[in-house]
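# Chains, contacts and geometry: an overview
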Amino acid sequence: MLTQLAGVVLAAAEEHDLAPLIAPPFVIGGTMLAALLLLMFVTVSFMNLGNRHTAVEASEDPHRQHTNKHLHGDDSASSNH
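The following paragraphs examine the structure supplied in this document. (Residues numbered from 1 in each chain as written. Predicted model: local features only at pLDDT ≥ 70, side-chain atom pairs only at ≥ 80, totals over all residues. Heavy atoms only, no water.)

### A few points about the overall build of the protein
If you tally the helices and strands in the protein, you get 2 helices and 0 strands. Here the protein holds 81 residues, and the buried ones make up 1% of them. As displayed, the protein has an accessible area near 8300 Å², and 65% of this comes from carbon and sulfur atoms. (Helix = DSSP H or I, 4+ residues; strand = E, 2+ residues; numbered from the N terminus. Buried < 20%, exposed > 50% of the residue type's maximum accessible area, 1.4 Å probe, protein only. Areas by Shrake-Rupley, 256 points an atom, 1.4 Å probe, with all protein chains shown as cover.)

### What about a nonpolar patch on the surface?
Together, Leu33, Leu37, Met40, Val44 and Met47 make up an exposed nonpolar region whose accessible area comes to about 510 Å². Note that Leu33 resides in helix α2 (residues 25–45). The exposure class of Leu33 is exposed, given its relative accessible area of 52%. (Patch = residues over 30% accessible without salt bridge, like charges linked within 9 Å, V, L, I, M, F, W, Y side chains within 5 Å. Salt bridge = Lys/Arg side-chain N within 4 Å of Asp/Glu carboxyl O.)

Here it is in structure tokens:
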């Protein structure tokens, strides 16, 4: 069954011409690699954006859906139970 299907696919592929490319395949691949490297550079450049300012203490916000009502004293860390 698979050999018949492979024969049909090969016969159909021989009848059709390939679509023309705008550049050779290695140029297209190199352009895609350069674009992804540029996106990676932008992502890495914004990695430390959250460390620019000191952390602000969280206040009780009644408009939040799930407020943290399990604070033990002044310590707001969730691992100190």
